[in-house]
Amino acid sequence: DTERWFELGSAWNGGLEELDALLMRKDPPFDMEYIYTTYILELAENRGLLVVNRPASLRDINEKAYTAWFPDCTPPSLVTRSRGALLDFLKEHGKVVLKPFDGMGGKSIFVVTAGDLNTNVIIETLTDDGKRFTLAQRYIPEIAQGDKRVLLIDGEPIEYALARIPAPDDSRGNLVMGARGEGRPLTARDRWLCEQVGPTLAAKGVLFAGLDIIGDYLTEINVTSPTGIRELDRQFNIDIAAKLIAAIDGKLTSRDRKTHRL
């Protein structure tokens, strides 16, 4: 029922620890209020609340930076504030992607080719003249075939990926930027990447995550607000949200909880 999918009961002002489960979901970029909220949720978690995803992991797993924990899965990458280091990286690889750490939806992502006259101003803008970290990755030409979103539930992948194919006049595989979403079965390489990353995420209490894969490479790990459920549900007649709720229920059952308030 897409129209009447919830009902409001009487007002409730109990402590968070009186709940069984709470889903924390906010589109990046997030601010210090978000960090403060994770402190509160972590305290409630210590008192018995199941928080999805685990508050400490929401703080620790940055979408862009955490790929560095899996170097065998990623394209050549560099995290730096240094203009010189970025220029050296560009010279080495010829064509690179530069990203801010706090962006979403493809905003402020630049594809830069060696010799581009805008290179210096792009670097100055992204690093705020050397004050902010920036992620550089070697450009992956397979982006033309789509930036694949693979959803993981408790470390296990959904059987289909959503390939977000850039618009003809753009290089970004983001639906909000005009990319087209096309569902595809996972490839053997997709499954291998999930095997490398999934167990670590599950161990860190990340029940719902989205891996971004371009060609053979992992480019981002999304844990705050992964999207793609509705597109895959429509194309393959599946119910990914139900699988997530079942995973949450399984965690609650394993705690021998008798009542469930979500």
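Note on numbering: residues in each chain are counted from 1, in written sequence order. Totals for whole chains, interfaces and linings use every residue, but because this is a predicted model, local features are given only for residues with pLDDT of at least 70 and side-chain atom pairs only at 80 or more, for both listing and counting. Side-chain numbers come from the whole structure's heavy atoms, not from hydrogens or water.

A. Structural view of the packing of helix H3 (residues 83–93) against helix H4 (residues 119–127). Under this scheme, a helix contributes an axis fitted over its contacting stretch, all axes are lines through C-alpha atoms, and angles between N-to-C directions fall in the 0 to 180 degree range. Numbering of helices and strands runs from the N terminus; a helix is a DSSP stretch of H or I covering at least four residues, while a strand is a stretch of E covering at least two. Across the interface, H3 lies against H4 with an axial gap of 10 Å and an inter-helix angle of 130°. By the criterion of interaxial angle, the relationship of H3 to H4 is oblique. Seen from above, H3 lies across H4 with right-handed handedness. Contact residues: Arg-83, Leu-86, Leu-87 and Leu-90 in H3; Thr-119, Asn-120, Ile-123 and Thr-127 in H4. Working definition: roughly parallel below 35 degrees, roughly antiparallel above 145 degrees, roughly perpendicular at 65 to 115 degrees, and oblique for all remaining angles. Working rule for handedness: look at the near helix, and if it is turned counterclockwise from the far one by less than a right angle, call the crossing left-handed; if clockwise, right-handed. Residues count as neighbours in contact if any of their non-hydrogen atoms are within 4.5 Å of one another.

B. Region of the structure containing the nonpolar core. By nonpolar core is meant a set of buried Ala, Val, Leu, Ile, Met, Phe, Trp, Tyr and Cys residues that side-chain atoms within 4.5 Å join together. To sort residues, take the accessible area from a 1.4 Å probe on protein chains only and compare it with the maximum for the residue type: under 20% means buried, over 50% means exposed, and anything in between is partly exposed. Grouped together as the largest cluster of nonpolar side chains are 29 residues, with contacts concentrated most on Val-150, Leu-201, Leu-211 and Ile-221. At the level of elements, helix H1 (32–46), strand E7 (147–153), helix H5 (188–203), strand E11 (208–214) and strand E12 (217–222) are the ones that each hand at least two residues to this core. Grouped together as the second largest cluster of nonpolar side chains are 16 residues, Leu-151, Leu-207, Phe-208 and Ile-248 included.

C. Structural view of the environment of Ala-136. Checked against the element boundaries, Ala-136 lands in strand E6 (residues 134–138). Ala-136 sits 90 residues away from Pro-226 along the chain, and the two C-alpha atoms are 22 Å apart. Discounting residues that sit within four places of it in the chain, Ala-136 has contacts with Pro-76, Ser-77, Leu-78, Leu-86, Phe-89, Val-97 and Leu-98.

D. Region of the structure containing the sheet that holds strand E3 (residues 77–80). Two strands pair under a simple rule: DSSP has to find at least two bridges between them. Overall, antiparallel pairing links the four strands, which are arranged E3-E6-E4-E5 in an open sheet. Strands at the two margins of the open sheet, each flanked by one partner only, are E3 and strand E5 (110–113). When strand polarity is set aside, the average angle formed by the axes of neighbouring strands in this sheet is 25°. As defined by bridge partners, strand E4 (residues 95–100) adjoins E5 across four bridges and the pair is classed as antiparallel. In the strand pairing of E5, Val-97 is matched with Val-111.

E. Molecular detail of the environment of Ile-248. Within the secondary structure, Ile-248 sits in helix H7 (residues 240–254). Those residues in contact with Ile-248 that lie beyond four places of it in its chain are Ala-21, Leu-23, Leu-50, Val-52 and Leu-207.

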